[in-house]
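Commentary on secondary and tertiary structure
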Amino acid sequence: ASAQFQLAVPVAVVFAPGSVPGDLPRPLPFRDVQEMEISVNLRTSITSRYETVYRSTTAQEEAALDVATAREADAALHLLQDASLGALTVYVVPETSSHLPQGISVYVGKHRSALVRAGGDLATLRTRLQQLTQVMSFTASSIAAALSDRVPDGQLGPDTRRHLKSSLGYEITFSLLNPDPKSHAVDWDIEDAVNRYVQPVLDKLSLVANFSVDSQILYYAVLGVTPRFDKESSSFLLSAHSLPHVINPVEARLGSSAASLYPVLNFLLYVPERSHSPLYIQDKDGAPVSTNAFHSPRWGGIMVYNVETPASPQASLPLHVDVDMVRVMEVFLAQLRLLFGLSREELPPEFLLESPGNEGLADWELDRLLWAHTVENIATVSTTLTSLAQLLDKIGNIVIKDDVASEVYRAVTSAQSAMAKLAVGHLHSAFQASKEAVTSSERAFFDPSLLHLLYFPDDQKFAIYIPLFLPMAVPILLSLAKIVREARQRKKEPTKMD
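Going by an unreviewed UniProt entry, the chain carries the name GPI transamidase component PIG-S and comes from Eudyptes sclateri. Within the UniProt record for the chain, the comment given under Pathway (unreviewed entry) is "Glycolipid biosynthesis; glycosylphosphatidylinositol-anchor biosynthesis." Taken from UniProt, the Sequence similarities (unreviewed entry) comment for the chain reads in full: "Belongs to the PIGS family."

**Overview of the packing of aromatic side chains**
Within the structure shown, the criterion is met by 13 aromatic pairs. Their ring planes at 55 degrees and their centres at 5.0 Å tell us that Phe229 and Phe236 sit as a pair that is tilted. On the accessibility criterion, Phe229 (44% relative accessible area) is partly exposed. Given a relative accessible area of 13%, Phe236 falls into the buried group. Grouped by ring-pair contacts, the aromatic residues Phe15, Phe30 and Tyr54 constitute a single cluster.

**A closer look at the pairing of strand 8 (residues 184–187)**
Here strand 8 shows one buried face, formed by His184 and Val186, and one open face, formed by Ala185 and Asp187. Across 4 bridges, the pairing between strand 8 and strand 16 (residues 319–322) is parallel. What sits directly across from His184, in strand 16, is Leu319.

**Focus on the nonpolar core**
Membership of the largest hydrophobic core comes to 86 residues, with the highest contact counts inside it found for Leu132, Phe174, Leu205, Leu269, Phe340 and Leu422. Per element, the largest residue contribution to this core is 8 residues, and it comes from helix 8 (residues 363–394). Leave out the neighbours within four places in its chain, and Leu422 touches Phe5, Gln6, Leu7, Ala8, Trp371, Thr374, Val375, Ile378, Leu427 and Ala430. Ranked by size, the runner-up nonpolar core spans 20 residues in total, among them Leu177, Ile247, Leu254 and Trp299.

**Details of the sheet that holds strand 3 (residues 44–56)**
One open sheet accounts for 7 strands, arranged 2-3-1-4-6-5-17; its pairing is mixed. Looking at which strands have only one partner, the edges of the open sheet turn out to be strand 2 (30–41) and strand 17 (351–353). Across this sheet, the average inter-strand angle for adjacent strands is 20 degrees, counted without regard to direction. Packing against the sheet, helix 2 (residues 70–78) makes contact with strand 4 (88–93), strand 5 (106–108) and strand 6 (113–117), and its axis sits at approximately 135 degrees to strand 6.

**Some thoughts on the pattern of salt bridges**
One pass over the structure, following the stated rule, counts 13 salt bridges. In this structure, the salt-bridge partner of Arg126 is Asp32, at a minimum N-O distance of 3.0 Å. On the criterion of sequence distance, the pair formed by Arg126 in helix 3 (residues 122–136) and Asp32 in strand 2 is long-range, its members being 94 residues apart. Of the residues examined, Arg126 reaches a relative accessible area of 27% and is grouped as partly exposed. What makes Asp32 buried here is its relative accessible area of 18%.

**Considering the packing of helix 9 (residues 402–423) against helix 10 (residues 427–445)**
The interhelical angle for the contact between helix 9 and helix 10, taken along N-to-C directions, is 160 degrees, at an axis separation of 7 Å. Classified by the angle their axes make, helix 9 and helix 10 are roughly antiparallel. Considering only the axes of helix 9 and helix 10, their crossing is left-handed. When helix 9 is examined against helix 10, the residues Val404, Glu407, Val408, Arg410, Ala411, Ser414, Ala415, Ser417, Ala418, Lys421 and Leu422 are found in contact with a partner set consisting of Leu427, Ser429, Ala430, Ala433, Ser434, Glu436, Ala437, Ser440, Ser441, Arg443 and Ala444.

**Re the sheet that holds strand 15 (residues 300–304)**
Reading across the sheet, the 5 strands line up as 9-7-12-15-14 and stay open at both edges, with mixed pairing between neighbours. Two strands lie at the open edges of the sheet, namely strand 9 (210–219) and strand 14 (293–296), each paired on one side alone. Ignoring which end each strand starts from, the neighbouring axes of this sheet average 15 degrees apart. The sheet contact formed by strand 7 (residues 169–178) and strand 9 spans 10 bridges and is parallel. The residue of strand 9 that forms the bridge with Ile172 is Val213. Contacts from helix 6 (residues 244–254) reach strand 7, strand 9, strand 12 (264–270), strand 14 and strand 15 within the one sheet, and its direction differs from that of strand 9 by about 100 degrees.

**Re helix 9**
Here helix 9 spans 32 Å end to end across 22 residues, near enough to the 32 Å set by a 1.5 Å rise per residue. Residues Val404, Glu407, Ala411, Ser414, Ala415, Ala418 and Leu422 constitute the buried set of helix 9. For helix 9, the angular spread of the buried residues around the axis is 100 degrees, confining them to a single face. Of the residues in helix 9, the exposed ones pointing more than 90 degrees away from the buried face are Asp402, Tyr409 and Gln416. Residue Gly425 follows helix 9 closely and has a positive phi angle near 80 degrees.

**Quick look at the UniProt feature "transmembrane region" (unreviewed entry) in the chain**
This chain's UniProt record puts "transmembrane region" (unreviewed entry) on residues 462–484. With 100% helix and 0% strand, the stretch residues 462–484 has end C-alpha atoms that lie 27 Å from each other.

**Structural notes on the packing of helix 8 against helix 10**
Where helix 8 meets helix 10, the axes come as close as 9 Å, and the angle between the chain directions of the two elements is 30 degrees. Put simply, helix 8 runs roughly parallel to helix 10. For the crossing formed where helix 8 meets helix 10, the hand is left-handed. Of the residues in helix 10, those in contact with Asp367, Leu370, Trp371, His373, Thr374, Asn377, Ile378, Val381, Thr384, Leu385, Ser387 and Leu388 of helix 8 are Leu427, Ala430, Phe431, Ser434, Lys435, Ala437, Val438, Ser441, Ala444 and Phe445. For the contact of helix 8 with helix 10, the class distribution of residues is 13 nonpolar, 7 polar and 2 charged.

How each quantity is defined
- Along each chain, numbering runs from 1 in the same order as the chain's sequence is written.
- Residues qualify for local features only when their pLDDT is at least 70, as the model is predicted, and side-chain atom pairs are given and counted only at 80 or more; totals for whole chains, interfaces and linings, by contrast, use all residues.
- In computing side-chain values, all of the structure's heavy atoms are included and hydrogens and water are not.
- UniProt positions are given in the numbering used here, feature names are shortened, and annotations may be inferred rather than shown by experiment.
- Stacked, edge-to-face and tilted labels apply to pairs of Phe, Tyr and Trp rings (six-membered ring for Trp) whose centres lie within 6.5 Å, assigned for plane angles under 30 degrees, over 60, and everything in between, in that order.
- Buried means the residue's accessible area, taken with a 1.4 Å probe over protein chains only, is under 20% of the maximum for its type, while exposed means over 50%, and partly exposed covers the values in between.
- In this description a helix means any DSSP run of H or I spanning at least four residues, a strand means any run of E spanning at least two, and both kinds are numbered starting from the N terminus.
- Should DSSP find at least two bridges between two strands, the strands are taken to pair.
- Take the buried residues of types Ala, Val, Leu, Ile, Met, Phe, Trp, Tyr and Cys, join any two whose side-chain atoms come within 4.5 Å, and each joined set is a nonpolar core.
- Whether two residues touch is decided by their heavy atoms; if any such pair falls within 4.5 Å, the residues are in contact.
- Every axis in this analysis is a line fitted to C-alpha atoms, fitted for helices over the stretch in contact. Angles between the N-to-C directions lie between 0 and 180 degrees.
- The rule for a salt bridge is simple: a side-chain nitrogen of Lys or Arg has to be within 4 Å of a carboxyl oxygen of Asp or Glu.
- Should an angle fall under 35 degrees it is taken as roughly parallel, and over 145 as roughly antiparallel, whereas 65 to 115 is taken as roughly perpendicular and any remaining angle as oblique.
- Two helices that cross are described as forming a left-handed crossing if the nearer one is turned anticlockwise from the farther one by less than a right angle, and a right-handed crossing if clockwise.
- For a helix, the expected span equals 1.5 Å multiplied by the residue count minus one.
- Throughout, the arc means that of the directions going from the helix axis to the C-beta atoms.
- As a working rule, the residues Ala, Val, Leu, Ile, Met, Phe, Trp, Tyr, Cys and Pro are called nonpolar, Asp, Glu, Lys and Arg charged, and the rest polar, with Gly in that last group.

Structural data, given as structure tokens:
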């Protein structure tokens, strides 16, 4: 199915006093539209429109900018700006402004705004604005990753298949693996850690999907690979190439994904058995991984947590271990960001990004996720409905009930609505419409009235009915043959006349 997406990003460029470039084409305020083409494949094209309004600061904005640091300015300006999802506000400050540290020309706040040094002329400012919109909204690669099913493999970067597919919900499971409970009695306060570190991030992501979180402790669960002993460091090592083989045996014990409707993210904390301690993970170059953790795309992550061996050999077993949850959660949250495609891309050196703090992701990062998921949802609906149409063409005797038809109509209407909303820059309503379209298209595709026809084609009917009819058919066919024979006999008889 072909799709022409138009993504409109509303941008406000607000000039503080003393920052207006001398070569503006016309007096403030004025509008300007710039379009960019993102090629995905022959049938899918994306046009991104940056609809920019250039204006001067209001008195309130001037007062908000009249603070010492960029962080304070960002917090004060947040209260005054357009809070709609996907909209960006860029405050241009004079080249000599003390808000930004030395050598920094662009400061990205944790909401939907940024501070930019004026740069003297419009061309410099435009370059900075273009770099900034790429960071804060979407890039060709982030959209290509969302449409990865439609893009030829050769054109995708190595990271694009790392992100989770868009879904209406996700299940997160934290598992503590203790393969040697005789030696280690491990305690982890997972409930408190989830409330303090994970929940704020999930609250922010609740707009994107529903989340459920659970935890478990698994005893005698071992990794599928025997680590190699290294004499020099007197420790055990897991090399990068053996990491893929670690997951399968562990996954068999997790048992969460089998009964789940939604994708499951697994975060595993592994306390190595005493005979394999300490255990370290090596990267491809053989260097130790600083976090002692690794992640698997679209699956989750595993962290190895080494326990201090007691000084005296007579120490009573099992050793009591209290897990340092701050250290563990730092790693798991970084892996969660990677799985959602929220990892920070390489930025120019003159960029400074504010840390999102306790919330785990900035408002503009949420928008970035929504742009990608909306496009992906619309593409998914298009694929699902095309598959359904092809399927119905193949099954001649199908009856489509009214409720299935209405779900198909609803899916098409919602997808068209999402496309239209994207084209005018209403990201929030576009995303909601795309979610409704996915729900309706999947209801139609998996409707029970269609399913039994899928799994009960004509050749199966013959296979079932022939054994029933054959015993009855034999005497009927024999008597038919007898009648035919007799009829022929009768025709021939009158010719035998004297």
